[in-house]
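Architecture and fold: a report
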Amino acid sequence: MEAADTEPLWTGEHGGEARLMLTTSGPAPVEVWRWRLHPGEAYPSHPHPDGVVETVSVIHGRLTLVLDGAEHQVPAGATATFDGGVPHTYRGGGAEPCELLMTVHLPPHTGGG
């Protein structure tokens, strides 16, 4: 699937965007997102439910990943993974746009009803 074939689910003030490319099925779904953040553009995210794990792989530029108030620089070619249960923000951290792929690993369904 081409990114241009999907509508952005978030659009930033400087033209950044996030597109949900795929959600797998099964007992432990995974979402695959494609993001572009312009310099200084930020997306704050509330904590996710327990068991959610996120992975970000920077393709171009640099991401400033803020986890529970602490900033982490993730350059092009690097991958970071973290517990989605903490407050987190994605911010374009360099002089050029940051492009990244994100996966959101959802906890397994426990069944019941």
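For the structure itself, consult the block above.
First, a word on what this report is: a plain description of the structure on this page.

Here is what the cut-offs are and how they apply
- Residues numbered from 1 in each chain as written.
- Predicted model: local features only at pLDDT ≥ 70, side-chain atom pairs only at ≥ 80, totals over all residues.
- Heavy atoms only, no water.
- Helix = DSSP H or I, 4+ residues; strand = E, 2+ residues; numbered from the N terminus.
- Buried < 20%, exposed > 50% of the residue type's maximum accessible area, 1.4 Å probe, protein only.
- Lys, Arg positive; Asp, Glu negative; His and termini not counted.
- Salt bridge = Lys/Arg side-chain N within 4 Å of Asp/Glu carboxyl O.
- Polar contact = N/O pair within 3.5 Å; in protein donor to acceptor, adjacent residues only side chain to side chain.
- Contact = heavy atoms within 4.5 Å.

Along the chain, glutamate 31 falls in strand E3 (residues 30-37). This buried residue, glutamate 31, is left without a salt bridge; arginine 19 holds the nearest opposite charge, at 15 Å. Side chain to side chain, glutamate 31 and tryptophan 33 meet in a polar contact 3.0 Å long. Sequence-distant contacts of glutamate 31, defined by excluding residues within four places in its chain, comprise Leu20, Leu22, Thr23, Met102, Thr103, Val104 and Leu106.

Applying the stated criterion across every chain yields a total of three salt bridges. Here glutamate 71 makes a salt bridge to arginine 91, at a shortest N to O gap of 2.7 Å. Taken as a pair, glutamate 71 in strand E7 (residues 70-75) and arginine 91 in strand E9 (residues 88-92) lie far apart in primary sequence, 20 residues in all. Note on arginine 91: relative accessible area 23%, which makes it partly exposed. Salt bridges sharing partners connect three or more residues here, namely Glu17, Arg19 and Arg36.

Such coordinate-based values are descriptive only and should not be taken to indicate function.
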